[in-house]
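Per-entry structural report
Each chain is listed here by its residues.
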Amino acid sequence: MTLPSPARFACSGFEATRWLRRDVLQIGGLGLLGLSTPKLLAAGEAQAKSIAPTAKSVVFLYQFGGPSHGDTLDMKPLAPDGIRSQFKPIATSCPEIQICDQLPEVAKVMDKVTLVRTVHHRMKNHNSASYQALTGHAPVVDDIRLRDSIELFPAYGSVVDRLAPNSNGLPTFVAYPYVISDGAITPGQHASFLGKSHDPLLITEDPATPNFKLPQLSLPRGLTVDRLQDRRAMQQLINQQTKSLDESAEARGLNSYYERALSMLNSTKVRDAFDLSQEPESVRRKYGPTTYGQSCLLARRLIEAGVKFVNAYFASNIGGRSTSDGGWDTHGFDNTRMYPILKAYHLPVTNQTLPVFLTDLEERGLLDQTLVVWMGEFGRTPKINANISRDHWPDCYTVLLAGGGMKRGFVYGRSDKNGAYPDRDPVPIGDIAATMFQALGIDPATHVYDALKRPLPIAAGRPVMELFA
């Protein structure tokens, strides 16, 4: 099947009017400049302009390691040997869209999604690229040694918690089931200079285990909620159970952190939202027995309960050394070759979980109000290397969006004949960040303040308005 020439198309045949790109704000990484001793300083007040939201929540499904767009969602069957995927394209529920033949169930829900096939940036190392993917802001340099730092920009969910926090007794931002890292902890997973009070509720337990529970919300034997009203007892508990707390006495936001923890301990609503045992066994089987499958089911429960932003990580590491575990980095570690890894693990897990998740949201009336974002930190090189694999490639790759006011069965942007560079309608990664904020009703031009009290816009880009229905 030959794809039509326009860079944007939908199942309905509608083609959007071309949007003239504007210069992207070059402010990524400013928080690194001129700082020597990291300190948590009080941030200035930030006021978010009220705009009409199209989504109540975001589920950010982060595919750590970087999926190959040319082997999944942007197939190039006419490309020459050495570039063309060993997989074949198949038709989908949207006639104008073809995807990988290893994703037949995903193909059935293509009429529910938007594919943005021209996302790009300049970061080629996992931690640098992931920091930009998780925050929308570029670090000053693309460095494999990039380390987490309080001066770097906060996670999307922390920005949401700062500007539009929940008032329903549920946490605004939840992240699980890992703290991801590539040698060192990957930046962009917490509130950074916004203060610890805006950190996610971080869960590092495996939701696929039979006795999944939340240690952060579990009281030690003999300790009652009444006893926790004593500040010293509460502080001791949180220090014991939360490894991510900053030990510095100067850390900002600890009081709010403690108060939030206490409210969680006392909340039946919160405990019920995390209780996967309430799900019928048939539903749990549909999502799959994997950590990722149960993570997606947990995401559905959380947003159904009222959580506003969920980060669910596909893997804790970039992968490459196993055919049964790890992320999407598949360029030849230990002579492991890409296609067995993709075929044995990455694609089957994705093929089972993603369509079940989207269909479940739809059937429960949640998809229209939930923006689902499926993306990694970059794509993979068009050229297949000597290990029958592909290397890092941030110059052009695909991001999948669904629900939350996005068009359905829609493709925006067109990559060139080999999937190497945008051919039409390039989308800087900062524009994806701005689009998420726009969908939540938060003006992407809103400023927050870093540790030096400098105003920084929350998004280093502009929303892609053509993606909205």
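Cut-offs used in this document
Residues numbered from 1 in each chain as written. Predicted model: local features only at pLDDT ≥ 70, side-chain atom pairs only at ≥ 80, totals over all residues. Heavy atoms only, no water. Helix = DSSP H or I, 4+ residues; strand = E, 2+ residues; numbered from the N terminus. Areas by Shrake-Rupley, 256 points an atom, 1.4 Å probe, with all protein chains shown as cover. Contact = heavy atoms within 4.5 Å. Core = buried A, V, L, I, M, F, W, Y, C linked by side-chain atoms within 4.5 Å. Buried < 20%, exposed > 50% of the residue type's maximum accessible area, 1.4 Å probe, protein only. Axes fitted to C-alpha atoms, helices over the stretch in contact; angles between N-to-C directions. Parallel < 35°, antiparallel > 145°, perpendicular 65-115°, else oblique. Left-handed = near helix turned anticlockwise from the far one by under 90°. Nonpolar A, V, L, I, M, F, W, Y, C, P; charged D, E, K, R; others polar. Phe/Tyr/Trp six-rings, centres within 6.5 Å; stacked < 30°, edge-to-face > 60°. Lys NZ or Arg CZ within 6 Å of the ring centre and 35° of its normal. Polar contact = N/O pair within 3.5 Å; in protein donor to acceptor, adjacent residues only side chain to side chain. Pairing = 2+ DSSP bridges.

If you tally the helices and strands in the protein chain, you get 11 helices and 20 strands. Total accessible area on the protein chain stands at roughly 18900 Å², and carbon and sulfur atoms take up 50% of it.

This brings us to the side chain of T350. Inspection of the secondary structure puts T350 in helix α10 (residues 338-363). Those residues in contact with T350, other than ones at most four positions away along the chain, are L103, V106, F314, W328, P355 and W374.

Let us now look at the nonpolar core. With 62 residues, the main nonpolar core has L61 and F357 as its most contacted residues. The contact partners of F357, leaving out residues within four places of it in the chain, are V59, L61, Y287, C296, A299, R300 and V372. Of all hydrophobic cores here, the second largest spans 55 residues; its members include F64, L194, M436 and A451.

Another point: the packing of helix α9 (residues 291-305) against α10. At a closest axis distance of 9 Å, the pairing of α9 and α10 adopts a crossing angle of 15°. As far as their axial angle goes, α10 and α9 are roughly parallel. Note that α9 runs across α10; the crossing there is right-handed. Facing Y292, G293, C296, A299, R300 and I303 of α9, the residues of α10 in contact are V349, T353, F357, D360 and L361. Among the residues forming the contact of α9 with α10, the class breakdown is 7 nonpolar, 2 polar and 2 charged.

Turning next to the packing of aromatic side chains. Evaluation of the coordinates by the stated rule reveals 14 aromatic pairs. On the numbers, 5.5 Å between centres and 65° between planes, the contact of W393 with Y421 is edge-to-face. Taken together, the positions of W393 in strand β13 (residues 392-393) and Y421 in the loop between β16 (414-415) and β17 (422-424) put the pair 28 residues apart, joining distant regions of the chain. Taken together, the ring pairs connect F60, Y62, F64, Y156, F173, F309, Y313 and F437 into an aromatic cluster. Above the ring of F410, the side-chain terminus of K407 is found at 4.9 Å from the ring centroid.

Here D74 lies in the loop between β2 (57-62) and β3 (89-91). Along the chain, D74 and R117 lie 43 residues apart, while their C-alpha atoms are 7.0 Å from each other. Contacts of D74, omitting those with residues within four sequence positions, involve H69, R117, T398 and S415. A polar contact is formed between the side chain of D74 and the side chain of S415, at a distance of 2.6 Å.

All right, on to the environment of T398 then. Its location among the elements puts T398 in strand β14 (residues 397-402). For the pair formed by T398 and S415, sequence separation is 17 residues and the distance between their alpha carbons is 9.3 Å. Once residues lying within four places of it in the same chain are set aside, the contact partners of T398 are H69, L73, D74, L115, V116 and R117.

Another aspect to go through is the pairing of β2. Burial analysis of β2 places 6 of its 6 residues in the buried class, the great majority of the element. Burial along β2 is two-sided: the residues S57, V59 and L61 and V58, F60 and Y62 are all buried. In this sheet, strand β11 (residues 370-375) lies alongside β2 in parallel orientation, the contact comprising 6 bridges. Paired with S57 across the bridge in β11 is T370.

On to unusual backbone geometry, then. In this structure, the amide linkage connecting Y176 to the following residue, P177, adopts the cis form with an omega of -10°. Notably, S192 is not glycine yet its phi reads approximately 50°, a positive angle. Mapping S192 onto the fold places it in the loop between β8 (184-185) and β9 (201-202). In this structure, I388 takes a positive phi of about 55° despite not being glycine. With respect to the secondary-structure elements, I388 resides in the loop between β12 (379-380) and β13.

Among the 6 residues in β11, 6 count as buried, and that is most of the element. The side-chain alternation of β11 yields two buried faces, one formed by T370, V372 and W374 and the other by L371, V373 and M375. Both β11 and β14 contribute to a ladder of 3 bridges, which runs antiparallel. Bridge pairing links V373 to L401 in β14.

In this section: the packing of helix α3 (residues 156-163) against helix α11 (residues 429-439). Where α3 meets α11, the axes come as close as 12 Å, and the angle between the chain directions of the two elements is 35°. Along this stretch, α3 crosses α11, giving a crossing that reads as right-handed. Facing α3, whose interface residues are Y156, V159 and V160, α11 presents A433, M436 and F437. Residue composition of the contact of α3 with α11, by class: 6 nonpolar, no polar and no charged.

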